[in-house]
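If you want the building blocks of each chain, they are given just below.
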Amino acid sequence: MSENNKTTFGDMPADEFRRHGYAMVDRIAEYFEHLEEYPVLSQIEPGWLTENLPASPPEEGEDFASSLADVDKLILPAVTHWNHPNFHGLFSTSTSSVGIFGEMLSAAFDMKAMLWRTSPASTELEDVTLDWLRQMLGLPDQFEGIIYDTASVSTMHAIAAARERAGLQIRELGTSGRGDLPLLRVYTSEHVHSSIDKSCITLGLGLQGLRKIGCNDRFEMIPELLADAIEEDIEAGYIPICVIPTIGTTSSSSVDPVDAIANICEKYGIWLHVDAAYAGPAALLPEKRHLFTSRELKEDPHSAIRDPQFTGWERADSIVLNPHKWLFTPFDLSVLYCRDLSELKGAFSLVAEYLKTNDEPAVKNGMDYGIQLGRRFRALKLWFVIRYFGVRGLTERIREHCRLAELFASWVDASDDFEMMAPVPFALVCFRAKPAGMSGAELDALNERIMNAINASGEAYLSHTRLNGKYTLRLSVGSIRVEQRHLEKVWRLLNEHLAAELEHS
Ligand SMILES: *Cc1c(COP(=O)(O)O)cnc(C)c1O
């Protein structure tokens, strides 16, 4: 018999909520304590969970305890443990415990941040927290931020703003049925994240509206090729609207030369959007700042005259970075910083122009800055994270990840059986097994087998990419729980699996 009282209306009684709530926190604490006992990648076959779940909903309410029991029995086996310290695939991202409290409370308040009035706390805390983060990253105070769910959505909004700036009245007239619209172009490197292709699809620019520029042997966009492409497109009657360099590409974490690209954007009046979705938080580290800007290097703190000239990513019109990637904030929370947030507002706000006055109450309405009406209270979890760890705590964690990645790279370098495939500017190591006497397709297949075997074992998770056509293993260090012993384990696994492979052949 369910304790669920069906003779009354309303929610779960408070005492029951408390009881399950305490048990839930215990569960989560135990989950984190025992994380390493789980296989990193879920070991189930596709369809297993579906088959084991009832096909139709329960007619009568059930005890919450029975749902919870099914979490152990059915859900946990189907979880891939992103929080596991040996999750090194894709980009290693994880949540801090304190971030979970932010999710709990924001779910409890259940505010929809559309207008300031419907969620003053969300609106103002978002502004304050993003200004803290801006200072932490060393960005100039012109930059104002807005929170979206993912970098994909942040970037789509940036390109939409860029499209408006081009003055083609697409906001009003759209793109369909217009003979007067030439091809509009967005430029990225060939190592760009697929979210940009998707933005072009979504915004009616189409995939032919995206032009990918070649890279040098460090996988960095070649600015001369960008300038040539823009010239060629203008000649052909096309309109360049946006250039998107990446700081920390998905494949190899390479850094496009943002300053040189900014010069080109300035010359042609093109919107510059910087994708720092992964690497952005590394700007907290003074020793990594040079990958974002060269301003510090030019500045003399003892001089009264500071160089007012911005360099690197400070010259962008917009920048995206993801605290849910490398700032220990639970998914999802992506930040879009704009040099002039009113341009974004101009692209999306539906408040008639004649209603905008300077004496309007000075409130910000989140709904004016994107396609969503209601927006989640996401700032709370980031605020908790920043306050709990402090700037120093966050900086030291990211610094440790960079140290561990460099350490792993040094093992690769020192080994006769492995080789590095790309530089390590942040905390991603691109490498491969390369035993003597093996090359080409044979080597690709060997690396693929080693990776698949490690991933299938559940001991660790690595992913891969292709660099210069070569199958490359990627090891990302970014979990809040990662320690040196976890990397030692991966290194041991790699060497064992390689030895086993060589024995069989
Ligand atoms: C992860 C990543 C993205 C996409 O992030 P989402 O928040 O999942 O949309 C975009 N660009 C880069 C460089 C990334 O690393």
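Residues numbered from 1 in each chain as written. Predicted model: local features only at pLDDT ≥ 70, side-chain atom pairs only at ≥ 80, totals over all residues. Heavy atoms only, no water.

Caption draft 1: The arrangement of helix α6 (residues 151-165) in detail. When the terminal C-alpha atoms of α6 are compared, their 21 Å separation across 15 residues agrees well with the 21 Å that a helix rising 1.5 Å per residue should span. In terms of residue burial, α6 counts as a mostly covered element, since 12 of its 15 residues are buried. Taken together, the buried positions of α6 are Ala-151, Ser-154, Thr-155, Met-156, His-157, Ala-158, Ile-159, Ala-160, Ala-161, Ala-162, Arg-163 and Glu-164. Directly beyond the C-terminal end of α6, a positive phi value near 75° is found at Gly-167. (Helix = DSSP H or I, 4+ residues; strand = E, 2+ residues; numbered from the N terminus. Expected span 1.5 Å × (residues − 1). Buried < 20%, exposed > 50% of the residue type's maximum accessible area, 1.4 Å probe, protein only.)

Caption draft 2: Layout of the site of the ligand. Every one of the 15 residues lining the ligand counts as a neighbour, but Ala-151, Ser-152, Asp-275, Asn-322 and Lys-325 are closest to it. Contact with the protein chains covers 89% of the free accessible surface of the ligand, which is 380 Å². Elements that contribute at least two residues to the shell around the ligand include exactly α6 and α12 (323-326). For the shell around the ligand, a count of residues per class yields four nonpolar, nine polar and two charged. (Near = heavy atom within 4 Å. Areas by Shrake-Rupley, 256 points an atom, 1.4 Å probe, with all protein chains shown as cover. Nonpolar A, V, L, I, M, F, W, Y, C, P; charged D, E, K, R; others polar.)

Caption draft 3: Structural view of the sheet that holds strand β6 (residues 318-321). If you trace the seven strands from one edge of the open sheet to the other, you get β1-β7-β6-β5-β4-β2-β3, paired in mixed fashion. Every other strand in the sheet has two partners, leaving β1 (144-148) and β3 (210-213) as the edge strands with one partner each. Looking at each pair of strands side by side, their axes are set apart by 25° on average, direction ignored. Running over the sheet, helix α9 (residues 223-235) touches β2 (184-189), β3 and β4 (239-244) and is turned about 145° from β3. The sheet contacts of helix α13 (residues 341-348) involve β1, β5 (271-275) and β7 (334-338), and relative to β1 the element is tilted by about 45°. (Pairing = 2+ DSSP bridges. Axes fitted to C-alpha atoms, helices over the stretch in contact; angles between N-to-C directions. Contact = heavy atoms within 4.5 Å.)

Caption draft 4: Structural detail: the pattern of salt bridges. A full pass over the atoms with the stated rule returns 32 salt bridges. Of the charged contacts, one joins Asp-233 and Arg-211 as a salt bridge, the two residues approaching to 2.8 Å between their closest N and O atoms. Within this pair, whereas Asp-233 is found in helix α9, its partner Arg-211 is found in strand β3, the two being separated by 22 residues in sequence. There is no split in this pair, since Asp-233 and Arg-211 are both buried. (Salt bridge = Lys/Arg side-chain N within 4 Å of Asp/Glu carboxyl O.)

Caption draft 5: Spotlight on the pairing of β6. Side chains Ser-318 and Val-320 project from β6 onto one buried face, and the interleaved Ile-319 and Leu-321 project onto a second face that is buried too. When β6 meets β7, the two strands line up antiparallel, connected through four bridges. Following the sheet pairing, Val-320 is matched in β7 by Leu-336.

Caption draft 6: Quick look at the side chain of Asp-275. If you trace the backbone, Asp-275 turns up in strand β5. For Asp-275, the contacting residues outside a window of four places in its chain are His-193, Ile-196, Ile-244, Pro-245, Thr-246, Ile-247 and Val-320.

Caption draft 7: Molecular detail of a nonpolar patch on the surface. Taken together, the side chains of Val-25, Phe-101 and Met-104 present a nonpolar region at the surface, about 280 Å² in accessible area. Among the residues examined, Phe-101 registers a relative accessible area of 45% and is labelled partly exposed. (Patch = residues over 30% accessible without salt bridge, like charges linked within 9 Å, V, L, I, M, F, W, Y side chains within 5 Å.)

Caption draft 8: Structural context of the environment of Asp-141. By secondary structure assignment, the location of Asp-141 is in the loop between α5 (120-137) and β1. Separated by 198 residues in the primary sequence, Asp-141 and Arg-339 have C-alpha atoms spaced 8.8 Å apart.

Caption draft 9: Molecular detail of the nonpolar core. If you look at the biggest cluster of nonpolar residues, it comprises 96 residues, and the most contacted ones within it are Ile-247, Trp-313, Tyr-337, Phe-408, Phe-426 and Leu-494. Among the domains, domain 2 (142-292 + 303-362) and domain 3 (390-504) are the pair contributing at least three residues each to this core. Not counting residues up to four positions away in its chain, the partners in contact with Ile-247 are Ser-254, Val-255, Val-258, Val-274, Asp-275, Ala-276, Ala-279, Leu-291, Phe-292, Trp-313 and Phe-426. Core analysis: the next-biggest nonpolar cluster, separate from the first, contains 33 residues, Ile-159, Ile-170, Cys-242 and Ala-277 among them. (Core = buried A, V, L, I, M, F, W, Y, C linked by side-chain atoms within 4.5 Å. Domains from an automatic or database assignment.)

Caption draft 10: Quick peek at the domain arrangement of the chain. What the domain assignment lists for the chain is domain 1 (3-81), domain 2 (142-292 + 303-362) and domain 3 (390-504). Placing the centre of domain 1 and that of domain 2 at their C-alpha centroids yields a distance of 41 Å.

Caption draft 11: Focus on the environment of Val-40. The topology assignment puts Val-40 in the loop between α1 (14-33) and α2 (48-52). A sequence separation of 46 residues divides Val-40 from Asn-86, and the C-alpha atoms of the two residues are 7.0 Å apart. Residue contacts for Val-40: discarding those within four places in its chain leaves Thr-80, His-81, His-84, Asn-86, Phe-87, Gly-458, Glu-459, Ala-460 and Tyr-461.

Caption draft 12: Main features of the packing of helix α4 (residues 97-109) against helix α14 (residues 379-414). With their axes 8 Å apart at the nearest point, α4 and α14 run at an angle of 150° to one another. Regarding the angle of α4 to α14, the classification is roughly antiparallel. Relative to α14, the crossing made by α4 is right-handed. Facing α4, whose interface residues are Val-98, Gly-99, Phe-101, Gly-102, Glu-103, Leu-105 and Ser-106, α14 presents Leu-380, Lys-381, Phe-384, Val-385, Tyr-388 and Phe-389. Tallied by class, residues from the contact of α4 with α14 come to eight nonpolar, three polar and two charged. (Parallel < 35°, antiparallel > 145°, perpendicular 65-115°, else oblique. Left-handed = near helix turned anticlockwise from the far one by under 90°.)

Caption draft 13: Quick peek at the pairing of β3. Strand direction decides the pairing type here: β2 and β3, joined by four bridges, are parallel. Pairing of Ser-189 across the sheet is with Ile-213, part of β3.

Caption draft 14: Quick peek at helix α8 (residues 194-202). Those residues of α8 that sit buried are Ser-195, Ile-196, Asp-197, Ser-199 and Cys-200. Positive backbone phi, at 75°, marks Gly-204, one or two positions downstream of α8.

Caption draft 15: Geometry of unusual backbone geometry. The linkage connecting Phe-331 with the following residue, Asp-332, adopts the cis geometry, with an omega of 10°. You can see Asp-332 is positioned in the loop between α12 and β7. One non-glycine residue, Leu-90, adopts positive backbone phi at about 45°. Structurally, Leu-90 is set in the loop between α3 (64-75) and α4.

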